[in-house]
Amino acid sequence: MYDPTPEHRFTFGLWTVGNVGRDPFGLPTRAALSPVEIVEMLGDLGAWGVNFHDNDLVPIDASWSEREAIVRAFRGALERTGLCVPMATTNLFGEPVFRDGAFTSADPDVRAYALQKTMRAMDLGADVGAKTYVFWGGREGAEVDAAKSPVDALKWMRECMNFLCRYNDDRGYGFRFALEAKPNEPRADIYLPTTGAMLAFIETLDTPEMVGVNPEVAHEHMAGLNFTHAIAQAWDAGKLFHIDLNDQQPGRFDQDLRFGSANPKAAFYVVKFLEDVGYDGPRHFDAHCYRSEDAAGVRDFAAGCMRTYLILADKARRFRADAEIQALLAGLGGDSALTPVMAAYSTESRDTILGAKIDRHALAQKQLPYERLDQLVIDLLLGVR
Ligand code: DIG
Ligand code: MN
Ligand code: MN
């Protein structure tokens, strides 16, 4: 019941199960895996797809013939395993040239190089069938706000995104662009730090319909926000184009933990939301295993992400079928003759609301049994109902 199959649409980036355990204070603890080895592992574990940054697959200085050989081997592994490539993205954060931003660099030649690198990466993603293109601006930020106007940064970001939307159309790739927010790290402050900020920015673009968001659990949690509320707003706006599932303890660096491993109750609400609304996109785990893990631990990590999602999806089914929970929910909110009146303004609805006799004291006495409801959720999650 909790064994993943491709129907569940679980995906991993090459960089996730391929993470070699390097961190700012330590050297790699694991051998690197080739893209082919990663695809074969993910196929064996029941994943649906694999994603990549351009240079996860093709080294930045590879020749065209080397690129072709790598893509051919990668395609072969995809064919053998049946995995697909739902999403691709560009590494605009690793190379020193991007140390002060890519699309928001004050140096126009850096911005032009970021556009060039992204167009080539879009070509590569389209080559292997990706339909979502993610933009995470890890270096788009500042340590010293005296150096750059944040308004200029937004203008440069908008210019680059508009240019790439036109490139998408020009090539007929049909990508849906998904912008990923993060509040900080590796920059002291990253521009457009939350999913909400991204949703507002999208509306300033020339073709906003082409652009949505890729919210990540850890990143909203780093900002102290409720991830389910963030994806609900994205969903409500028709902009939840992709999602990065992982976990994160409060007040720490971006831990990219195994899904549900830090806060299973918050993870339950994420899964419940996605299942309740019928989200049919990839369930992408942008996460990696602990630095202490060996090759077997990498498999445990990937299997654990998917297993926890499936367990929580089962809990969401039990929540919907639980008579006591549903009876309690039915008692909340309630009906009022004023419901339809508020739905549309008119001089009649105006006067009805203004003239309504509303007893605020009686309303303040209505029961809100949230302690009981939360305990039922805890019972459900702890397996005692
Ligand atoms: C970091 O959370 C970013 C990068 O890993 C990648 O660009 C994006 C896609 O999941 N997430
Ligand atoms: Mn992250
Ligand atoms: Mn991510």
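Residues numbered from 1 in each chain as written. Chains lettered and ligands numbered in written order. Predicted model: local features only at pLDDT ≥ 70, side-chain atom pairs only at ≥ 80, totals over all residues. Heavy atoms only, no water.

Taking 1.5 Å per residue as the helical rise, helix H6 (residues 150-171) with its 22 residues ought to reach 32 Å, and the 31 Å between its terminal C-alpha atoms agrees with that figure. The complete set of buried residues in H6 reads Ala 153, Trp 156, Met 157, Cys 160, Met 161, Asn 162, Leu 164, Cys 165, Tyr 167 and Asn 168. Along its buried surface, H6 packs onto helix H5 (108-127), strand E4 (132-136), strand E6 (176-180), helix H7 (195-202) and strand E8 (211-213). Of the residues trailing H6, Gly 172 is marked for its positive phi of about 65°. (Helix = DSSP H or I, 4+ residues; strand = E, 2+ residues; numbered from the N terminus. Expected span 1.5 Å × (residues − 1). Buried < 20%, exposed > 50% of the residue type's maximum accessible area, 1.4 Å probe, protein only. Contact = heavy atoms within 4.5 Å.)

Tallied over the full model, the rule gives 21 salt bridges. For the salt bridge of Asp 23 with Arg 291, the shortest nitrogen-to-oxygen distance reads 3.8 Å. With Asp 23 in the loop between helix H1 (14-17) and helix H2 (35-45) and Arg 291 in the loop between strand E10 (283-285) and helix H11 (295-321), the pair connects residues that are 268 residues apart, well separated along the chain. One salt bridge in this structure joins Asp 351 and Arg 350, with 2.7 Å as the shortest N-O distance. (Salt bridge = Lys/Arg side-chain N within 4 Å of Asp/Glu carboxyl O.)

Let's shift gears to the coordination of the manganese ion (ligand 3). Surrounding the manganese ion (ligand 3) are the protein donor atoms Glu 180 (OE), Glu 216 (OE), Asp 244 (OD) and Asp 286 (OD), which sit 2.0 to 2.2 Å from the metal. Coordination at the manganese ion (ligand 3) comes from six donor atoms whose angles at the metal span 75 to 173°, giving a geometry best classed as irregular. We note that the donor set of the manganese ion (ligand 3) lies within a single chain, spaced as E-x35-E-x27-D-x41-D. A separation of 4.6 Å is found between the manganese ion (ligand 3) and the manganese ion (ligand 2), both of which receive a donor from Glu 216. With Asp 244 in strand E9 (residues 244-245) and Asp 286 in the loop between E10 and H11, the pair connects residues that are 42 residues apart, well separated along the chain. Across the pair, Asp 286 and Asp 244 agree in class, each one buried. (Donors = N, O, S within 2.8 Å, 3.2 Å for Na, K, Ca; no water. Tetrahedral: all angles 85-135°; square planar, octahedral: opposite > 155°, others 65-115°.)

So, about the coordination of the manganese ion (ligand 2). Here the manganese ion (ligand 2) is held by Glu 216 (OE), His 219 (NE2), Asp 254 (OD), Asp 254 (OD) and Asp 256 (OD), and the distances to it run 2.0 to 2.8 Å. Read N to C, the donor residues that coordinate the manganese ion (ligand 2) are spaced as E-x2-H-x34-D-x1-D.

So, about the side chain of Ser 105. Its place among the elements puts Ser 105 in the loop between strand E3 (87-89) and H5. Within the structure, the side chain of Ser 105 is placed 3.0 Å from the backbone nitrogen of Asp 107, a separation counted as a polar contact. Sequence-distant contacts of Ser 105, that is, excluding residues within four places in its chain, are made with Asp 100, Val 110, Arg 111, Lys 148 and Trp 156. (Polar contact = N/O pair within 3.5 Å; in protein donor to acceptor, adjacent residues only side chain to side chain.)

What follows concerns the site of ligand 1. Around ligand 1 there are 13 residues in total, and His 53, Glu 180, Glu 216, Asp 244 and Asp 286 lie nearest to it. Glu 180 is positioned with one of its side-chain polar atoms (N or O) 2.7 Å from a nitrogen atom of ligand 1. Separating an oxygen atom of ligand 1 from a side-chain N or O atom of His 219 is a distance of 3.4 Å. Among the secondary structure elements, those contributing two or more residues to the shell around ligand 1 are E3 and E4. (Near = heavy atom within 4 Å.)

Per the domain assignment, the segments of the chain are domain 1 (6-321) and domain 2 (323-381). Summarising the inter-unit geometry, the C-alpha centres of domain 1 and domain 2 are found 39 Å apart. Contacts between domain 1 and domain 2 engage nine residues on the former and nine residues on the latter. Together, the buried faces of domain 1 and domain 2 total about 800 Å²; carbon and sulfur atoms form 67% of this surface. Three residues, Lys 265, Lys 315 and Phe 319, lead the burial of domain 1 against domain 2; their summed loss comes to 63% of the area buried on that side. On the surface where domain 1 and domain 2 come into contact, there are one salt bridge. Asp 374 serves as the salt-bridge partner of Lys 265, at 2.8 Å between the closest nitrogen and oxygen. At the level of secondary structure, the elements contributing two or more residues to the side of domain 1 that touches domain 2 comprise helix H10 (264-277) and H11. With six residues, H11 is the single largest residue contributor to the side of domain 1 that touches domain 2. Classifying every residue of the side of domain 1 that touches domain 2 gives five nonpolar, no polar and four charged. (Domains from an automatic or database assignment. Buried area = accessible area lost by both parts, 1.4 Å probe. Nonpolar A, V, L, I, M, F, W, Y, C, P; charged D, E, K, R; others polar.)

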